[in-house]
Amino acid sequence: MKKLKYLLGMMIFTVAFEGYAETVLRMSTTTSTESSGLLKVLNPAFEKRYGVRIEVLAVGTGKALKLAENGDVDVLLVHAPDAETAFVAAGYGVNRKRVMFNDFVLLGPDKDYAGVKSAQTIDEALQKISKANALFISRGDDSGTHQKELALWQKTGLKPQGGWYISAGQGMGAVLMMADEKQAYALSDRGTYLAMQTKLELRILYEGDEALVNPYHVIAVNPQRFPKINYESAMRYIEFLTGDEGQALIAGYKKQGQALFHPDAER
């Protein structure tokens, strides 16, 4: 009799457990939000408030958008405006909102073999690197940073190629470590660089050009195209990032006394 009661109790527990479904929000994002440590500040606050667990896929922006196009995620946090606009126009995403911005910086060794420090514009800085055949490490991964880098090269009228130009196919952190080891130049978002600065000998050699502004947007995957996505949690996440709490967390996140990102939500 006791054994029967035990078995019945286990059956009831099993049914109850199987009926419980944890709410999960799947997010694809650029490696810079992960490598900088920002998500470790933002996501736990959201999870605690709404009882939602966030699964993060940190890849290049191109891959992040592709995951969303396949319906494999619910929300995106990315930084490639042209690609984002095309993504929304094609009907894959909705409710695209500004979240924050930082900027890109051109890094290199202290010795500055190409003389980048004397450049007056980012165009001139890249031209100096090309002319000197100075080693340059590219992300080469269709990320937002990679897309920006290619656009900057295109603007100079130069096509980077040859032994001095290495396409790594890696995330931002890995590229910075590679550039540091090889004493090469690289384009980085400021946030990732500041988060890793104590591990690197690379220095900021050029910054401040308007062309280097780096905006981030959050986008929900379109539920009309993918009815099974967690649209409700995606919208809550968008509201959180663009609301007072999310914007304050972004503003307060610093490394070496410097803000890695600046809140930029529409008010």
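What counts, and at which threshold
Residues numbered from 1 in each chain as written. Predicted model: local features only at pLDDT ≥ 70, side-chain atom pairs only at ≥ 80, totals over all residues. Heavy atoms only, no water. Helix = DSSP H or I, 4+ residues; strand = E, 2+ residues; numbered from the N terminus. Buried < 20%, exposed > 50% of the residue type's maximum accessible area, 1.4 Å probe, protein only. Contact = heavy atoms within 4.5 Å. Areas by Shrake-Rupley, 256 points an atom, 1.4 Å probe, with all protein chains shown as cover. Lys, Arg positive; Asp, Glu negative; His and termini not counted. Charge placed at Lys NZ, Arg CZ, Asp CG, Glu CD. Phe/Tyr/Trp six-rings, centres within 6.5 Å; stacked < 30°, edge-to-face > 60°. Lys NZ or Arg CZ within 6 Å of the ring centre and 35° of its normal. Core = buried A, V, L, I, M, F, W, Y, C linked by side-chain atoms within 4.5 Å. Axes fitted to C-alpha atoms, helices over the stretch in contact; angles between N-to-C directions. Parallel < 35°, antiparallel > 145°, perpendicular 65-115°, else oblique. Nonpolar A, V, L, I, M, F, W, Y, C, P; charged D, E, K, R; others polar. Arc of directions from axis to C-beta. Salt bridge = Lys/Arg side-chain N within 4 Å of Asp/Glu carboxyl O.

K.L.:
I tried to follow the overall build of the protein chain on my own but got confused; where do I start?
P.N.:
Helix and strand counts for the protein chain stand at eleven helices and twelve strands. Out of the 267 residues belonging to the protein chain, those deemed buried represent 47%. If you take every contact in the protein chain between residues at least 6 apart in sequence, the share linking residues at least 24 apart comes to 74%. Total accessible area computed for the protein chain in this model is approximately 13100 Å², and 52% of it derives from carbon and sulfur atoms. Averaging the coordinates of the 31 positive side-chain charges in the protein chain and doing the same for the 31 negative ones gives two points 5 Å apart.

K.L.:
Any chance you could explain unusual backbone geometry here in plain terms?
P.N.:
As a rule of thumb, non-glycine residues mostly have phi less than zero, and peptide bonds are mostly trans rather than cis. One non-glycine residue, N133, lies in the positive phi region at around 50 degrees. Structurally, N133 is set in the loop between helix 6 (122-132) and strand 5 (136-138). Even without being glycine, Q183 reaches a positive phi, approximately 55 degrees. Relative to the assigned elements, Q183 resides in the loop between helix 8 (172-182) and strand 7 (186-189). Owing to a relative accessible area of 25%, Q183 belongs among the partly exposed residues under this scheme.

K.L.:
It is not clear to me how the packing of aromatic side chains should be interpreted in this structure. Could you clarify?
P.N.:
For any two aromatic rings, the description comes down to two numbers: the centre-to-centre distance and the angle of the planes. This model, assessed by the stated rule, comprises ten aromatic pairs. Their ring planes at 70 degrees and their centres at 5.8 Å tell us that W164 and Y165 sit as a pair that is edge-to-face. Comparing W164 with Y165 shows no difference in burial state: the two are buried. Through a chain of ring-to-ring contacts, the aromatic side chains of F46, Y50, Y237 and F240 assemble into a single cluster. Taking the ring centre of Y92 as reference, the NZ or CZ of R225 above it sits at 4.2 Å.

K.L.:
What is the right way to look at the nonpolar core in this model?
P.N.:
If you look at soluble globular proteins, the nonpolar side chains tend to sit buried side by side. Core analysis: the biggest nonpolar cluster contains 40 residues, and L25, V75, V218, Y237 and L241 have the highest contact counts within it. Listed by contribution, the elements that provide at least two residues to this core are strand 1 (24-29), helix 3 (39-50), strand 3 (75-78), strand 4 (93-108), helix 8, helix 9 (190-196), strand 9 (213-221) and helix 10 (231-242). Take this core: its biggest share by element is six residues, from helix 10. Beyond its immediate sequence surroundings of up to four residues, V218 is in contact with V75, L76, L77, N95, R96, K97, V99, Y237, I238 and L241. Of all hydrophobic cores here, the second largest spans 20 residues; its members include F104, I122, I129 and L187.

K.L.:
I would appreciate a short explanation of the packing of helix 4 (residues 61-69) against helix 5 (residues 81-89) in the present structure.
P.N.:
Think of two packed helices as two axes; the pair is described by the angle between the axes and how far apart they sit. Two elements in contact, helix 4 and helix 5, have axes whose closest approach is 11 Å; the angle formed by their N-to-C orientations is 10 degrees. Here helix 4 is positioned roughly parallel relative to helix 5, judged by the angle of their axes. Facing L65, A68 and E69 of helix 4, the residues of helix 5 in contact are A83, E84 and F87. Here the contact of helix 4 with helix 5 is composed, by residue class, of four nonpolar, no polar and two charged.

K.L.:
What is the right way to read helix 6 from this model?
P.N.:
Three or four residues apart is the spacing at which side chains of an α-helix point the same way, because the helix has 3.6 residues per turn. Buried residues of helix 6: I122, D123, A125, L126, I129 and S130, and no others. Along the long axis of helix 6, the arc covered by the buried residues comes to 165 degrees, so they all point the same way. The secondary structure elements touched by the buried residues of helix 6 are strand 4, strand 5, helix 7 (144-156) and strand 8 (203-206). Of the residues trailing helix 6, N133 is marked for its positive phi of about 50 degrees.

K.L.:
What exactly am I supposed to notice about the pattern of salt bridges here?
P.N.:
Opposite charge on two side chains lets them pair, provided their charged atoms get close. One pass over the structure, following the stated rule, counts eleven salt bridges. Notably, a salt bridge pairs E245 with R49, separated by 2.4 Å at the nearest N-O pair. You can see E245 sitting in helix 11 (residues 244-252) and its partner R49 sitting in helix 3, a full 196 residues away along the chain. E55 is the salt-bridge partner of R53, the closest N and O atoms lying 3.3 Å from each other. The exposure class assigned to R53 is partly exposed, which follows from its relative accessible area of 33%. Judged by its relative accessible area of 33%, E55 falls in the partly exposed class. The structure contains a network of salt bridges with shared partners spanning D103, R190 and E207.

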